[in-house]
Structure formats: C-alpha cells, structure tokens
There are 2 protein chains.
Amino acid sequence: MQIEDGAVAPGRRERKKRETRDALMAAALRLAVEKGPDNVTVEEISEAADVSVRTFFNYFSHKEHAILGRDPDDLALALRRVREAPDGESPLTTMRLIVAHVIDELEHHETPISQRIGLIMQSPTLLTQFVVLGAEDERELAAALAERMGEPTGSPRPALIVGATTMAVKVAMEQRKAGSDRPLGALVDEAFSLIADGLDPAYHQPDTHPSPR
Amino acid sequence: MQIEDGAVAPGRRERKKRETRDALMAAALRLAVEKGPDNVTVEEISEAADVSVRTFFNYFSHKEHAILGRDPDDLALALRRVREAPDGESPLTTMRLIVAHVIDELEHHETPISQRIGLIMQSPTLLTQFVVLGAEDERELAAALAERMGEPTGSPRPALIVGATTMAVKVAMEQRKAGSDRPLGALVDEAFSLIADGLDPAYHQPDTHPSPR
DNA sequence: TAATAAGTTGCACTCACTGCAAGTTTGTCT
DNA sequence: AGACAAACTTGCAGTGAGTGCAACTTATTA
C-alpha cells in the first residue's frame with residue numbers, strides 16, 4: 001500500500017520504532033536534567049519509557065547516546081548550507097552562519113537542544129561522547145567544505161577551518177562558563193575575527209631540528 | 001634521614017609506590033599493544049604487575065589512565081617552555097617549538113610514547129580519554145600563555161592559540177593517516193603557517209540576526 | 001618498641017553492556 | 001483468511017568496570 005507521495009508509507013512497524021526511540025530519548029533527557037546525568041541508570045530510563053533494558057540497548061549503544069540524542073538532521077542541514085552557500089561567501093563566513101543558527105536556537109527557545117548543551121557541560125562522560133561524535137561530523141563537514149573550495153579532500157585548509165569553528169565555539173563557551181556576561185554570539189564573533197585575520201602575525205616558522213633550546 | 005641534596009630522601013615507601021605504578025603502566029601498555037587496547041582486562045594488567053585488582057584502582061581511576069600513562073612531567077615541561085620563552089618569540093612560535101619536541105621524540109626513538117600514540121589512533125575509547133585529559137592541559141597552557149602575553153587569564157587569543165595548536169597536530173595526523181607521505185613535521189608546519197596568517201582573509205563578520213538566509 | 005600513618009587486599013555490591021534463545025508482532029504472499 | 005518469514009522485544013546468564021568498607025600488612029616516627 002502506497003501513499004500518493006513518492007515515499008513509501010511508514011507502516012505501523014516503523015512508526016512504533018520511532019515512538020519508542022523518541023520515548024527513550026525524552027525519558028533519558030528528562031531524567032538526566034532532573035537527577036544529574038551521572039545519576040541516571042539505564043534501568044530507570046527504560047522503565048520510564050516502558051520497555052525492557054535489553055530493548056534500550058537495541059536502540060542505543062551507550063547510555064550517553066540516548067541523552068545526547070543526536071539528530072542526524074542537524075548535520076545534514078549544516079552540510080546543505082555548506083554546499084548551497086552563495087558564490088561570493090568565504091568559507092569561514094559560511095561556518096559562522098551555521099554556528100549562528102545553532103546559537104540562535106540555543107538562546108531563544110528552551111528547546112531540548114539547549115537543555116542538552118547545559119548537560120554536556122556538566123558531565124565529563126557526556127562531553128567526551130559529544131566530542132567523539134562531533135569528530136565524525138567534522139570530517140564530513142571538512143570534506144564538503146573542501147569540495148566547495150575546490151580543494152582536494154585531504155587538504156589541510158578546509159579541515160583547519162572546520163576545526164577552528166568548533167574551537168571558536170568551545171572557547172566562547174568557556175568564557176561564558178568563566179563568568180563573562182557578553183552574549184555568546186559576540187564572543188563567537190570575536191573568536192572568528194581573530195581566527196580569520198591570523199592568530200599570530202609575528203609567527204615565522206622556527207628551525208625545528210637543531211638542539212632543542 | 002636526609003640526603004645532602006635539598007630534596008627529602010624518597011624512602012622505601014615512595015620508591016615502592018613508583019615501582020608498582022611503573023609496573024602497572026608497563027604491563028598495561030605491553031598488553032594493550034599485544035592484544036589490542038580493547039581486549040585487555042584490568043585483571044590481566046594487575047596480574048601481570050602482581051598486585052590485586054583493587055590496588056590497580058587505587059592508582060588509576062580508569063583502565064585507560066594506565067595505558068595512556070600520562071606523565072605529569074610532560075605538561076610541566078611544556079609549561080616551563082612557555083614561561084621561559086625568550087622575549088622576542090611570538091606565542092605561536094613557542095607552541096610550534098613545543099610540538100616539535102614531542103614530534104621529535106615520537107619519530108626518532110621507539111619510546112613507549114610512540115607506541116601509545118599508535119594505540120590511541122586504534123581505540124575510540126582511548127582517543128576519548130586522551131582528548132579529555134588534553135582539555136585540562138589546554139586550560140593550563142592557555143593560562144600560562146596568557147600570562148606571558150600580558151593578557152588577562154580568560155582572554156580568547158591565548159586560548160585560541162593553544163586550541164589551534166592541538167588542531168594543527170590533529171589535522172596533520174589525520175593527513176598522515178589518510179596516506180600522505182610527507183613527514184609529520186612538514187604537515188604541522190603547513191598548518192601552523194595557515195593558522196598564523198589567517199585561515200580566511202576574505203572573512204568578514206556576517207549579519208547574524210535577520211531571517212537566516 | 002609502641003603508636004600511627006600509609007598502602008594492600010578481599011569481599012560484596014551496582015551498573016553498563018553483550019550474546020543467545022525464546023516469544024510476540026507486523027508485513028507479505030497465496 | 002491463513003500461513004510463513006522477517007523484524008522487534010524480552011528475559012536470562014554472564015563478563016567486566018568501578019566503588020565503599022573493613023581487615024590486614026608494612027613503613028615511618030617518636
């Protein structure tokens with residue numbers, strides 16, 4: 001049975017799968033917020049979502065995956081933005097705009113996303129998983145950016161630009177955490193400017209081989 | 001009982017502690033290399049070092065700590081280099097020299113360090129722990145660098161410079177992993193140059209608020 | 001030598017996570 | 001509708017990480 005759309009009808013099976021997945025993610029997030037991310041057990045999460053523990057692990061390989069609840073769409077959106085960026089736009093500008101969108105979502109709505117960010121800053125374990133997952137995204141973004149810049153895939157500049165972007169965000173967040181009250185966007189802007197213009201104009205490649213000082 | 005030196009005599013106790021710590025690290029590294037980092041149990045490591053499992057955890061909070069075997073001296077050395085850098089040396093140059101030293105050690109001697117790096121690239125878990133531990137070091141380095149640059153501790157530029165350094169190394173390592181046969185030092189040099197001069201001269205701060213494109 | 005501090009160990013426990021072998025639900029084909 | 005297969009869920013048993021506690025051993029100090 002098909003729907004007029006080109007897509008296949010989801011069917012009860014697929015729908016239920018989505019539902020339990022969502023239920024698990026929601027429960028995980030809620031409990032993590034309530035009790036602190038490190039005080040939640042998989043059993044509680046499964047209980048709250050009304051499935052067995054074993055089923056939990058059929059959906060997520062780690063407890064953290066459920067809490068982080070990465071939405072594949074986010075990466076997809078970012079990739080599309082990279083590929084569809086207007087011709088004149090410089091690569092770092094593109095990245096800045098992508099970041100802007102995320103920050104926007106983060107600051108204005110009290111969406112689950114912002115809750116997650118808060119959690120991530122709390123738990124080392126979560127941060128860890130977050131970084132690891134992020135690394136994969138970075139690779140894809142770098143590849144897309146390389147293509148758009150007309151450079152070979154392994155080329156360093158695109159990879160550095162993507163890396164610099166996450167670095168800028170990280171540093172900005174740390175500043176916030178350390179007590180700065182300037183808006184996150186402004187801090188990010190400052191970091192981006194520094195990165196764009198060169199972090200150290202006085203740098204010149206040192207002689208790295210003779211007796212190390 | 002004192003030795004003529006200013007330092008206190010180590011005493012049997014301290015000595016034994018160092019010994020078992022070293023034995024545990026050595027066993028952990030050896031077994032990780034032999035069997036793959038994810039196929040080693042704490043029990044095996046403790047067995048090989050001839051201590052109880054419980055004792056293992058008195059020394060290391062995670063299995064990974066033992067394998068990574070971070071030497072606090074490494075960070076201390078890097079910090080000293082930052083603080084004692086000659087007056088005219090630009091900050092990024094200082095960082096480049098620190099990296100040079102590590103690379104040197106890595107490429108020439110077949111020290112445990114190089115083995116560890118190899119392992120780290122193999123196991124996601126290890127990589128993760130490595131990154132997390134690195135983050136702490138980054139903070140300290142950034143603080144030291146800020147001081148040397150005469151900037152306030154929370155200032156973004158030093159933090160970005162330190163972040164850029166690890167980013168440069170990461171990107172260079174990925175290039176190697178992806179098949180480049182240029183020496184690691186050359187790849188790192190290229191990354192540093194790009195970072196120093198500015199990753200994107202065409203960047204200019206976009207208007208981040210109105211309707212997102 | 002006696003008192004004390006530091007280090008080691010075994011034990012019992014919680015929790016994450018996996019493989020396997022049922023059982024149940026859903027989709028499909030006739 | 002009925003039968004069959006594929007997909008999903010679940011319980012169970014088991015491994016291994018990591019923690020707290022109390023008893024024990026060894027080094028230090030007075």
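Before reading further, recall that the structure is shown in the block above.
A quick note: this is a predicted structure, and the numbers were derived from the prediction, not measured.

Can you break down the side chain of Thr-93 of chain A residue by residue, with the values?
With respect to the helices, strands and loops of the structure, Thr-93 of chain A is situated in helix 6 (residues 91–108). Residue classification places Thr-93 of chain A among the buried residues on the basis of a relative accessible area of 7%. At 2.7 Å, the side chain of Thr-93 of chain A forms a polar contact with the side chain of Ser-90 of chain A. The contact partners of Thr-93 of chain A, leaving out residues within four places of it in the chain, are Asp-200, Tyr-203, His-204 and Pro-206 of chain B.

Provide a residue-level description of the protein's contact with DNA strand D, including the pertinent values.
In the neighbourhood of DNA strand D, 20 residues make up the surrounding shell, with Arg-13, Lys-17 and Thr-55 of chain A together with Arg-12 and Arg-54 of chain B lying closest. Within the contact set of DNA strand D, a phosphate oxygen lies 2.6 Å away from a side-chain nitrogen or oxygen of Thr-55 of chain A. In this structure, His-62 of chain B approaches DNA strand D through a side-chain N or O atom, which is 3.3 Å from a phosphate oxygen. Broken down by secondary-structure element, the contributors of at least two residues to the surface near DNA strand D are helix 1 (11–35) and helix 3 (53–59) of chain A together with helix 1 (11–35) and helix 3 (53–59) of chain B. Classifying every residue of the surface near DNA strand D by side-chain character gives 5 nonpolar, 7 polar and 8 charged.

So what's going on with the packing of aromatic side chains? Which residues, and what values?
Describing an aromatic ring pair means giving the distance of the ring centres and the angle of the ring planes. Tallied over the entire structure, the rule returns 6 aromatic pairs over all chains. Considering the side-chain rings of Phe-56 of chain B and Phe-57 of chain B, the 5.2 Å spacing of their centres and the 80 degrees angle between planes classify their relative orientation as edge-to-face. Among the aromatic residues, those joined into a ring-pair cluster are Phe-56, Phe-57 and Phe-60 of chain A. The ring centre of Phe-192 of chain A lies 5.7 Å from the NZ or CZ of Arg-96 of chain A, which sits over that ring.

Reading guide: rules and limits
- Residues numbered from 1 in each chain as written.
- Chains lettered and ligands numbered in written order.
- Predicted model: local features only at pLDDT ≥ 70, side-chain atom pairs only at ≥ 80, totals over all residues.
- Heavy atoms only, no water.
- Helix = DSSP H or I, 4+ residues; strand = E, 2+ residues; numbered from the N terminus.
- Buried < 20%, exposed > 50% of the residue type's maximum accessible area, 1.4 Å probe, protein only.
- Polar contact = N/O pair within 3.5 Å; in protein donor to acceptor, adjacent residues only side chain to side chain.
- Contact = heavy atoms within 4.5 Å.
- Near = heavy atom within 4 Å.
- Nonpolar A, V, L, I, M, F, W, Y, C, P; charged D, E, K, R; others polar.
- Phe/Tyr/Trp six-rings, centres within 6.5 Å; stacked < 30°, edge-to-face > 60°.
- Lys NZ or Arg CZ within 6 Å of the ring centre and 35° of its normal.

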